[in-house]
Every structure is written in structure tokens, then in C-alpha cells.
Amino acid sequence: MPESWLYSIQYKTGTARWAGRLGLELRDLVKSGRISPETHPRVVDLGCGQGEAAVYLARHGFQVVGVDFSPVALRKARAAAARAGVADRCRFVEGDLTAPRVPGVDGPFNVIIDLGTLDDLQGADRRAAARTVKRLSGPGALYFLWCVHHDGNLPFNLKGILLRLNPKLVPGEENDLFGDVFKIERLPSPAPSSYFASFLMTRR
């Protein structure tokens, strides 16, 4: 598993390149009503970072639990929730998503959010995090996954070089990890040519 102190340093120094990522795809799902607080009120944000997604969802009426292993990120998330006036609808927990249980995070949840966390893990850690997703979801639950997603056949340009430095999900790996219990829908955005992907999965 990645070292939490490495991430905390990046959050503390403002060099966390993923900070601020919310995802247009998640916004679209909320705006369209596919993810709604009326039908799916309880949300857990896995790898919540500084709380951008959690605060956005709380402002739209969801009850959200954010989980991260960086105490620095969690302090920033709690402060962001307080500034937005949604601290009563956001709770942030320090935890290891590869552990058999995250204390203080009990499912089932109606929606599970993952904006670039699963693809940052590899091997046994990735499989353990997939088990966490399954453990925290119940029948009918939705799992939104945004990830780096390509087969390694990348162009020899700056983007290709940078993507080679990032962990990724290989096409088809989402089925291997989740196809046994989730119906998997790949969303139209991001386009495959971007080497990123988002999925909305429905628990059977």
C-alpha cells in the first residue's frame, strides 16, 4: 500500500496533483438524478482526500462518510465541510481501505465513490480494496469509479510519458474485480482516447 506520509507531505505542500478533482462525470450523475439523495442517501467516498466530492455531495443533500489514510487531507476536508456549512452531513474517518474492516465505517452504503483511489493501488492491495467496496455495498448500491484505464499502448508524447508513471487499470480488469457482483456500465466520458475511464456499477 502507498505510504500515507508521502501523500500527507503532498497535501501539506500543495503539490498533490489530484487535489481538487471532483469529476464532471460525478456532477453529471447527480444533476441527471441517476445518483439522488432521495433514492441513494448514504454515500461513502473512498480515498476522499481534501473532501471535494464529499462536500459537493453533502451540499446536494447526501449524507457522506469520507475515508482517507492521510490525516493532513482529512483536516483539510473537515475544514472545507465547515466552510461550506455541511459539517452535519459530512463525517471524515482515517482508515486503511485494504484492511478487512475500517473502524467507524459501516455499510451498507447506497453509493460508493472512488475518484482515482483503486487505480493507485496494485496487486493484493487492489484486490483488498475491491473487497472493501463489496463489503460496504448492498443490493442496488451504486459504485462510481474514475480511473486511469489503458493497456499500456501509449503515444510517445508528454501525456504518454506522464501516464507511464501512473498506476492504471487494464481494460477488462474492472470485470475481473467486480463483475461477480456488479453490473458494470462504462460511462461515455472520459473518452477511451483520453486513457481514463469512469464506470457506474450497480450491485446485484
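Conventions and cut-offs
Residues numbered from 1 in each chain as written. Predicted model: local features only at pLDDT ≥ 70, side-chain atom pairs only at ≥ 80, totals over all residues. Heavy atoms only, no water. Helix = DSSP H or I, 4+ residues; strand = E, 2+ residues; numbered from the N terminus. Expected span 1.5 Å × (residues − 1). Buried < 20%, exposed > 50% of the residue type's maximum accessible area, 1.4 Å probe, protein only. Contact = heavy atoms within 4.5 Å. Polar contact = N/O pair within 3.5 Å; in protein donor to acceptor, adjacent residues only side chain to side chain. Pairing = 2+ DSSP bridges. Right-handed = clockwise from strand over helix to strand, strands pointing away.

### Overview of helix H5 (residues 123-136)
Working step 1: Compared with the 20 Å implied by 1.5 Å per residue over 14 residues, the 21 Å span of H5 between its first and last C-alpha is a close match.
Working step 2: Of the residues making up H5, those classed as buried are Asp125, Arg126, Ala128, Ala129, Ala130, Thr132, Val133 and Leu136.
Working step 3: Elements in contact with the buried residues of H5: strand S1 (42-46), strand S4 (109-115), strand S5 (137-148), helix H7 (173-178) and strand S6 (182-186).

### Topic: helix H4 (residues 71-84)
Working step 1: If you check H4, its first and last C-alpha atoms are 20 Å apart, about what 14 residues at 1.5 Å a residue would give, namely 20 Å.
Working step 2: Along H4, the residues classified as buried are Val72, Ala73, Leu74, Ala77, Ala80 and Ala81.

### A closer look at the environment of Arg186
Working step 1: Here Arg186 lies in strand S6.
Working step 2: In sequence terms Arg186 and Phe144 are 42 residues apart; their C-alpha atoms lie 9.9 Å from each other.
Working step 3: Setting aside anything within four residues of it in sequence, one finds Arg186 in contact with His149, Ala191, Pro192, Phe196, Ala197, Ser198 and Phe199.
Working step 4: Looking at Arg186, its side chain comes within polar contact range of the main-chain oxygen of Phe196, at 3.3 Å.

### A closer look at the pairing of strand S2 (residues 63-68)
Working step 1: The buried count for S2 comes to 5 of 6 residues, which makes it a mostly enclosed element.
Working step 2: For S1 and S2, the ladder comprises 5 bridges, and the chain directions are parallel. Bridging from a neighbouring strand, Val44 pairs with Val65 of S2.
Working step 3: Viewed along the sheet, the connection from S1 through helix H3 (residues 52-59) into S2 turns out right-handed.
Working step 4: The pairing of S2 with strand S3 (residues 90-94) spans 5 bridges and is parallel. Residue pairing across strands places Asp68 opposite Glu94, the latter belonging to S3.

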